[in-house]
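One-letter residues, chain by chain:
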Amino acid sequence: MKLSVLSKAGREAILAMLAPGDFFGEGCLAGQPVRMGSATAITDSTILLVDKDQMVRLLHNQHALSDRFIAHMLARNIRIEEDLIDHLFNSSEKRLARTLCCSHGTVRRTSR
């Protein structure tokens, strides 16, 4: 899944690329009234839609799911913060090089 937003000028910004088992749409659990972006399947996908009330019940009653969900949200928050810091302090060329190297598993991010 690709999570993205469009600017008023029509430019797309990709927020995240999700893997099998990832969650999305969790903003409604925090009271977000309108979604800010789009989720687009980029490969054949099976999506499990869980009603908000049912998800709240599951998170309260299923501790393993709750633990996994919280861990996923925290990991995503860390990635978003790292990407924001990277964007603020590094040139676009350096970010592109890091992205290309990291996507091939050749470089580990250890410092900024």
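Everything below is about the structure shown above.
The sections below set out a description of the structure shown in this document. Just so we're clear, the structure is a prediction, and the values are computed from it rather than from any experiment.

### Some remarks on the packing of helix H1 (residues 52-61) against helix H2 (residues 63-89)
Pairs of packed helices are described in terms of their axes, by the angle between the two and the distance that separates them. Axis separation between H1 and H2 bottoms out at 5 Å; the angle between their running directions is 105 degrees. The orientation of H1 relative to H2 falls into the category roughly perpendicular. Packed against H1, whose contacting residues are Met55, Leu58, Leu59, His60 and Asn61, the element H2 presents His63, Leu65, Ser66 and Phe69 at the interface. Counted by class, the contact of H1 with H2 contains five nonpolar, four polar and no charged residues.

### Description of the pairing of strand E2 (residues 12-17)
In terms of strand pairing, strand E1 (residues 2-6) meets E2 through five bridges, oriented antiparallel. Of the residues in E2, the one forming a bridge with Ser4 is Ile14. Adjacent in sequence and paired antiparallel, E1 and E2 are bridged by five residues, among which Gly10 carries a positive phi angle near 90 degrees.

### A short note on the nonpolar core
Of all hydrophobic cores here, the largest spans five residues; its members are Phe23, Met55, Leu59, Phe69 and Met73. Within the residue set of this core, elements represented by two or more residues are H1 and H2. Residues in contact with Met73, not counting those within four places in the same chain, are Phe23 and Glu26.

What counts and what doesn't
- Residues numbered from 1 in each chain as written.
- Predicted model: local features only at pLDDT ≥ 70, side-chain atom pairs only at ≥ 80, totals over all residues.
- Heavy atoms only, no water.
- Axes fitted to C-alpha atoms, helices over the stretch in contact; angles between N-to-C directions.
- Helix = DSSP H or I, 4+ residues; strand = E, 2+ residues; numbered from the N terminus.
- Parallel < 35°, antiparallel > 145°, perpendicular 65-115°, else oblique.
- Contact = heavy atoms within 4.5 Å.
- Nonpolar A, V, L, I, M, F, W, Y, C, P; charged D, E, K, R; others polar.
- Pairing = 2+ DSSP bridges.
- Core = buried A, V, L, I, M, F, W, Y, C linked by side-chain atoms within 4.5 Å.
- Buried < 20%, exposed > 50% of the residue type's maximum accessible area, 1.4 Å probe, protein only.

Taken by themselves, the reported measurements are silent on function.
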